[in-house]
Protein chains: 2
Amino acid sequence: MAQTKVLFVGSGAVGSFYASVLDFLPGVEVSLFCRSDYETIRQKGIRVESVLRNRHFHPKQVLSYGQSSLQEFDFILVCLKALPQIQLQSILHTYVTAKTCIVLLQNGIGAENQVAKEFPENEVLGGLAFTCINRLAPGFVQHIDYGQLNIGSYSRRNISPAVQSLQQLFESAGITCQTSANIVQARWKKLIWNVPFNSLSVLTGGSTTYELLQNPHTLRLVKEIMAEVMALSEKEGHLQQADTIETYIEMTAKMKPYKTSMLLDFENHREMEVEAILGAPLVVAQRHNMKVPHLSSIYALLQQLNQKNTTSSELLPTS
Amino acid sequence: MAQTKVLFVGSGAVGSFYASVLDFLPGVEVSLFCRSDYETIRQKGIRVESVLRNRHFHPKQVLSYGQSSLQEFDFILVCLKALPQIQLQSILHTYVTAKTCIVLLQNGIGAENQVAKEFPENEVLGGLAFTCINRLAPGFVQHIDYGQLNIGSYSRRNISPAVQSLQQLFESAGITCQTSANIVQARWKKLIWNVPFNSLSVLTGGSTTYELLQNPHTLRLVKEIMAEVMALSEKEGHLQQADTIETYIEMTAKMKPYKTSMLLDFENHREMEVEAILGAPLVVAQRHNMKVPHLSSIYALLQQLNQKNTTSSELLPTS
């Protein structure tokens, strides 16, 4: 049986975790492209402490900027943070060949569209990761909870052979992997949760999902923001179930108190994914001339907070 | 000439500063009611480091809970933070007599109404302080900039004799003191500035007025919030000049970069005046059934942030 060759782009929490999962399978060769942590991972590989199974592995190839690959990849899974300044296209141009299927496992909306335009001959998949993983140090991540994936073909809008084969890989490795004929709709659905909980967890000074539901003012705001994002989704032609908001609130109330990824980024003074999670839907709102006042105020706050939080600012003499 | 007897309630930055200013005048006896700092101020008095003039004084009487006064007061100036849990009425009942004029030098809206109901026989004035003062330690404040006052009679809606005589005192002491026939309108006008700049300075991680104007997203949000508060003011019958927003933006652009009082409270883990500055106008909006989406989202964020910031919360095990 031919080896399936997979390249993970990004050695953060998500990339490291799913790479370790696939590397474990016979018949799969996993390589890794690192933006940072290159030396550590080349020497020591990647360690994953997981509620499923602890793992330590050395990728077949550890690659970074300017290094070409010795082999062609069947799948390239992009697990980078969705930040405007990351030059994903140039990374992809180094490794994508005619046979490569490109899978975007990123937050927010809009990324598949750009990649599909740049690589019109390649199949582009979108994927959503529902999981709680932290990167504790270079080459060391901790998988705390969940792990399921949802993947779908952006190019074909059906359950394509590439989707089926990737699903099979993850399922063989013990990861629940759903498929969606309309991954963009699924992305919007996830966004309905992501926008309020990520934003409010940060803007309220580090609240957990639980705390945001406990306070009636923030609970109301969560629902109103969800309604704005849901209206945008439907305007884009991606209908959502009528009870999406209530279902999400109930589901979140049953989750363990949880710090969102945006809050973790904020607390560690890393750039937050403000553009992918809030900026992109705002652009959609502007295109349709729709009013989304909550989304718009929260975007402005987070956009400025992101700047303050990632630059080391001097305290003012006036105080 | 009879002595004018003045009681300042509150030994924070505003109370300490204006008390020191009036104490300096011949013919004025200044006493002080402290919620905290009582022992320090009784022993050492109050020191004010000021761009106008450094001062050190001992109030005629230093009072606290349960202590009655040896004299009746012509004016009681309330300089407490506008927080829901401060029992202002019971403090006032201890010291107000038939001849007392009560002056509320507090932020936000709505305070005069409550006091006037409780003391229908006394004249109630409202006052606005435009100044930049910090309390650095018990009994020690630093006056950095500005200092002008605007006072008016809430009870009489005209420039009453009490207003004129208080204005004269402050002007004699070198403090510019305007008067307003409609102090509630003046309060609303100040609120148009206070709501956006106080809130956004905190919610964006400690931005100065200058930074909020520099970022086009926060500048837009500042203007939109101002428009919401201005619409409320006018709905309440307090018309504002049509160019209020533009004038405020220009004025703020010329100010030194400035940390708002809410930001100072936040940074020092003190309770912020969320109810007086945002909650009170929201109640007005609800009464008129007016939509103020920005005000409402920002209130929810600050309300939760206030809780997080003033309680010492444990970090969660999940992170």
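To start, this report covers the structure provided alongside it. Nothing here was measured: the structure is a model prediction, and the numbers come from that model. (Residues numbered from 1 in each chain as written. Chains lettered and ligands numbered in written order. Predicted model: local features only at pLDDT ≥ 70, side-chain atom pairs only at ≥ 80, totals over all residues. Heavy atoms only, no water.)

**Focus on the pattern of salt bridges**
Residue and element names in this part refer to chain A.
- Inspection of every chain in the model, using the stated rule, returns 24 salt bridges over all chains.
- With a shortest N-O distance of 3.2 Å, Lys81 and Asp265 are connected by a salt bridge. A residue pair is termed long-range when its members are at least 10 positions apart, and Lys81 in the loop between strand 6 (75–78) and helix 3 (88–95) and Asp265 in helix 10 (residues 261–267) qualify at 184 residues.
- With a relative accessible area of 7%, Asp265 lands in the buried category.
- With its nearest N and O atoms 3.5 Å apart, the salt bridge here joins Glu123 to Arg156. Remark: Arg156 occurs in the loop between strand 9 (140–153) and helix 5 (161–172) and Glu123 occurs in the loop between helix 4 (111–118) and strand 8 (124–137); sequence separation between them is 33 residues. (Salt bridge = Lys/Arg side-chain N within 4 Å of Asp/Glu carboxyl O. Helix = DSSP H or I, 4+ residues; strand = E, 2+ residues; numbered from the N terminus. Buried < 20%, exposed > 50% of the residue type's maximum accessible area, 1.4 Å probe, protein only.)

**Side note on the pairing of strand 9 of chain A**
Residues and elements named next belong to chain A.
- Counting buried residues in strand 9 gives eleven out of 14 residues, a clear majority hidden from the surface.
- Two elements, strand 3 (residues 46–50) and strand 9, share four bridges in a ladder whose sense is parallel. The partner of Glu49 across the bridge, within strand 9, is Gln142.
- The pairing of strand 8 with strand 9 spans twelve bridges and is antiparallel. Along strand 9, the bridge assignment pairs Leu125 with Ser153. (Pairing = 2+ DSSP bridges.)

**What to know about the packing of helix 3 of chain A against helix 4 of chain A**
All names here are of chain A.
- Contact geometry for helix 3 and helix 4: axes closest at 11 Å, N-to-C directions at 45°. Relative to helix 4, the element helix 3 lies oblique. Relative to helix 4, the crossing made by helix 3 is right-handed. On helix 4, the residues that touch Leu88, Gln89, Leu92 and His93 of helix 3 are Gln114, Val115 and Glu118.
- Across the contact of helix 3 with helix 4, the residue classes break down as three nonpolar, three polar and one charged. (Axes fitted to C-alpha atoms, helices over the stretch in contact; angles between N-to-C directions. Parallel < 35°, antiparallel > 145°, perpendicular 65-115°, else oblique. Left-handed = near helix turned anticlockwise from the far one by under 90°. Contact = heavy atoms within 4.5 Å. Nonpolar A, V, L, I, M, F, W, Y, C, P; charged D, E, K, R; others polar.)

**Considerations on the pairing of strand 9 (residues 140–153) of chain B**
Residues and elements named next belong to chain B.
- In textbook terms, the turn of a hairpin is the stretch between consecutive antiparallel strands, and for strand 8 (residues 124–137) and strand 9 this stretch comprises two residues, one of which, Gly139, has a positive phi near 75°.
- Of the pairings in the sheet, the one linking strand 9 to strand 10 (residues 177–179) comprises three bridges and is parallel in character. Paired with Leu149 across the bridge in strand 10 is Cys177.
- Chirality of the crossover, the property in question, places the unit of strand 9, helix 5 (residues 161–172) and strand 10 among those that are right-handed. (Right-handed = clockwise from strand over helix to strand, strands pointing away.)

**Here we look at the nonpolar core**
- Grouped together as the largest cluster of nonpolar side chains are 141 residues, with contacts concentrated most on Leu278(A), Leu302(A), Leu278(B) and Leu302(B).
- In this structure Leu302(A) touches Ser199(A), Val202(A), Leu203(A), Met262(A), Met272(A), Val274(A) and Leu278(A), once residues within four positions along its chain are discounted. (Core = buried A, V, L, I, M, F, W, Y, C linked by side-chain atoms within 4.5 Å.)

**Comments concerning helix 4 of chain A**
All names here are of chain A.
- Here helix 4 has its buried residues at Glu112, Val115 and Ala116. Down the axis of helix 4, the smallest arc covering the buried residues is 100°, so these residues share one side. Away from its buried face, by an angle of more than 90 degrees, helix 4 presents the exposed residues Gln114 and Lys117.
- Those residues of helix 4 hidden inside the fold are in contact with helix 3, strand 7 (101–104), strand 8 and helix 6 (183–203). (Arc of directions from axis to C-beta.)

**A look at the interface of chain B and chain A**
- On the side of chain A, 36 residues touch chain B, which itself brings 36 residues to the contact.
- Linking chain B with chain A are two salt bridges, by the criterion used here.
- The salt bridge involving Lys308(A) is made with Glu211(B); its shortest N-O contact spans 2.9 Å.
- At the boundary of chain B with chain A, the tally comes to 17 residue pairs in polar contact (both at pLDDT 80 or more).
- Secondary structure elements with two or more residues in the side of chain B that touches chain A: helix 6 (183–203), helix 8 (216–235) and helix 12 (293–310) of chain B. (Polar contact = N/O pair within 3.5 Å; in protein donor to acceptor, adjacent residues only side chain to side chain.)

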